[in-house]
Amino acid sequence: MGFHFRRQQPVGNFIADFYCHRAALVVEIDGPVHDRQQGYGRFRDRIMEERGLRVLRIKDEDVHADIEEVLRRISEYLRE
């Protein structure tokens, strides 16, 4: 689709797993540690959204189980 993502991109005081400037989209891949830090994740999302970014959170297990579905979900966000 012609979008470029940067990996481990600084966004304010945070590091986004993947960031697309053109789409103002942050993709966060959440592993098991994120289950214990959901409050912090919501805080990060809110700060990024205040900067005009959309945040898409994807579970690490989904990446490993069905990468095609993950790519489809990201494509949907890019079309919006």
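Residue numbers run consecutively from 1 along every chain, following the written order of its sequence. Owing to the predicted nature of the model, reporting of local features is limited to residues with pLDDT of at least 70; listing and counting of side-chain atom pairs is limited to 80 or more, with chain, interface and lining totals taken over all residues. Side-chain measures here rest on the full set of heavy atoms in the structure, leaving out hydrogens and waters.

A. Region of the structure containing the packing of aromatic side chains. Stacked, edge-to-face and tilted are the three classes for Phe, Tyr and Trp ring pairs, Trp counted by its six-membered ring, which pair at centre distances within 6.5 Å; planes under 30 degrees apart are stacked, over 60 edge-to-face, the rest tilted. Applying the stated rule across the entire model yields 1 aromatic pair. Seen from their ring centres, phenylalanine 14 and phenylalanine 43 are 6.1 Å apart, and the 80 degrees between their planes marks the pair as edge-to-face. Residue phenylalanine 14 is located in strand β2 (residues 14-20), and its partner phenylalanine 43 is located in helix α2 (residues 38-50); the two are separated by 29 residues in the primary sequence. Geometry around phenylalanine 3 places arginine 22 over its ring, the cationic atom sitting 4.2 Å from the centre. Numbering of helices and strands starts at the N terminus; helices are DSSP runs of H or I of at least 4 residues and strands are runs of E of at least 2. Sitting over a ring, as applied to charges here, requires NZ of Lys or CZ of Arg to be within 6 Å of the ring centre and within 35 degrees of the ring normal.

B. Focus on the nonpolar core. The nonpolar core is taken to be a set of buried Ala, Val, Leu, Ile, Met, Phe, Trp, Tyr and Cys residues, with the residues joined through side-chain atoms within 4.5 Å. Each residue is assigned to one of three classes by its accessible area relative to the maximum for its type, calculated with a 1.4 Å probe on protein chains only: buried under 20%, partly exposed between the two thresholds, exposed over 50%. Residues Cys20, Ala23, Leu25, Val27, Leu56, Ile58, Val70, Ile74 and Leu78 constitute the largest nonpolar core, which totals 9 residues. Elements represented by at least two residues in this core include exactly β3 (25-30), β4 (54-59) and α4 (67-79). Sort the elements by how many residues they give to this core and α4 lands first, with 3 residues. Residues count as neighbours in contact if any of their non-hydrogen atoms are within 4.5 Å of one another. Not counting chain neighbours up to four residues away, the residues in contact with leucine 25 comprise Phe5, Phe18, Tyr19, Cys20, Arg54, Leu56, Tyr77 and Leu78.

C. Up close: the pairing of β3. Burial of β3 is extensive: 5 of the 6 residues sit out of reach of the surface. Counting the residues in the hairpin turn of β2 and β3 gives 4 residues, including alanine 24, whose phi is positive at 50 degrees. If DSSP finds at least two bridges between two strands, the strands pair. In terms of strand pairing, β3 meets β4 through 6 bridges, oriented parallel. Within the sheet, the bridge partner assigned to leucine 25 lies in β4 and is arginine 54.

D. Local environment of the environment of valine 11. Mapping valine 11 onto the fold places it in strand β1 (residues 6-11). For the pair valine 11 and leucine 56, spaced 45 residues apart in sequence, the C-alpha to C-alpha distance is 15 Å. Apart from the residues lying within four places of it in its own chain, the contact partners of valine 11 are Ala16, Tyr19, Met48, Arg51 and Leu53.

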